[in-house]
Amino acid sequence: MESDSPAPQPEKTPKMRDLSLCPCKSRQPYGECCAPFHYGKALPQTAEALMRSRYSAYFFGRIDYLVDTTHPDVRTPTLRQEIQATADEARWKFLTVLSASKGQAGDKTGKVEFVAQFYHNGVLQEHHEKSRFRRSRGLWKYVDAKG
Ligand SMILES: [Zn+2]
């Protein structure tokens, strides 16, 4: 028999996760920010939105989403393992988007510069990246990181 009482386990249910603030630091609830992209219910309309959703995907270990949002032209046979390794070894702490150029509705390319803070083996580190994005079949995809 199902009970109406709250579940006793302390883990966050998907519902609670949706109500929590999004890991991408947009100050929006996850359920109204990156979750619709992760669940395939909406598509990021800008390169920055895609970048933020990829950060959140690393945060939650959504490897399929990270592979899927990598541009097909740059997907390598070892991409999945590389993403998995990065997701496993880092505990993501904070994201700061420094700038974004192009990457809007009418653009075909875009760049987003950001700093991601994470713990690696308990040590706080910073990853500063200028990501490049390009559309594939109309959808924003991550291409690479260039200075
Ligand atoms: Zn988000």
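Residues numbered from 1 in each chain as written. Predicted model: local features only at pLDDT ≥ 70, side-chain atom pairs only at ≥ 80, totals over all residues. Heavy atoms only, no water.

J.: In this structure, what is going on with the overall build of the protein? I would like to understand it.
T.: Within the protein, the regular secondary structure consists of 5 helices and 4 strands. The N-to-C order of helical and strand elements in the protein reads α-α-α-α-α-β-β-β-β. Relative to the globule expectation of 15 Å for 147 residues, the C-alpha radius of gyration of the protein, 16 Å, shows essentially globular dimensions. Along the first, second and third principal axes, the C-alpha set of the protein runs to 55 × 35 × 30 Å. (Helix = DSSP H or I, 4+ residues; strand = E, 2+ residues; numbered from the N terminus. Rg over C-alpha atoms; globule rule 2.2 N^0.38 Å.)

J.: Explain the sheet that holds strand β3 (residues 123-136) here, please?
T.: Backbone hydrogen bonds are what pair the strands of a sheet, in a parallel or an antiparallel way. Pairing is antiparallel in the open sheet, where 4 strands are placed in the order β1-β2-β3-β4. Each edge of the open sheet carries a strand with a single partner, namely β1 (90-102) and β4 (139-145). Taken over all neighbouring pairs, the strand axes of this sheet differ in orientation by 30 degrees on average, direction set aside. Of the strand pairs in this sheet, β3 and β4 are connected by 6 bridges, and their pairing is antiparallel. Within β4, the residue paired with S136 across the bridge is L139. Against the sheet, helix α3 (residues 47-60) engages β1, β2 (109-120), β3 and β4, with an angle of about 175 degrees to β1. Packed on one face of the sheet, helix α5 (residues 79-89) meets β1 and β2 and runs near 120 degrees to β1. (Pairing = 2+ DSSP bridges. Axes fitted to C-alpha atoms, helices over the stretch in contact; angles between N-to-C directions. Contact = heavy atoms within 4.5 Å.)

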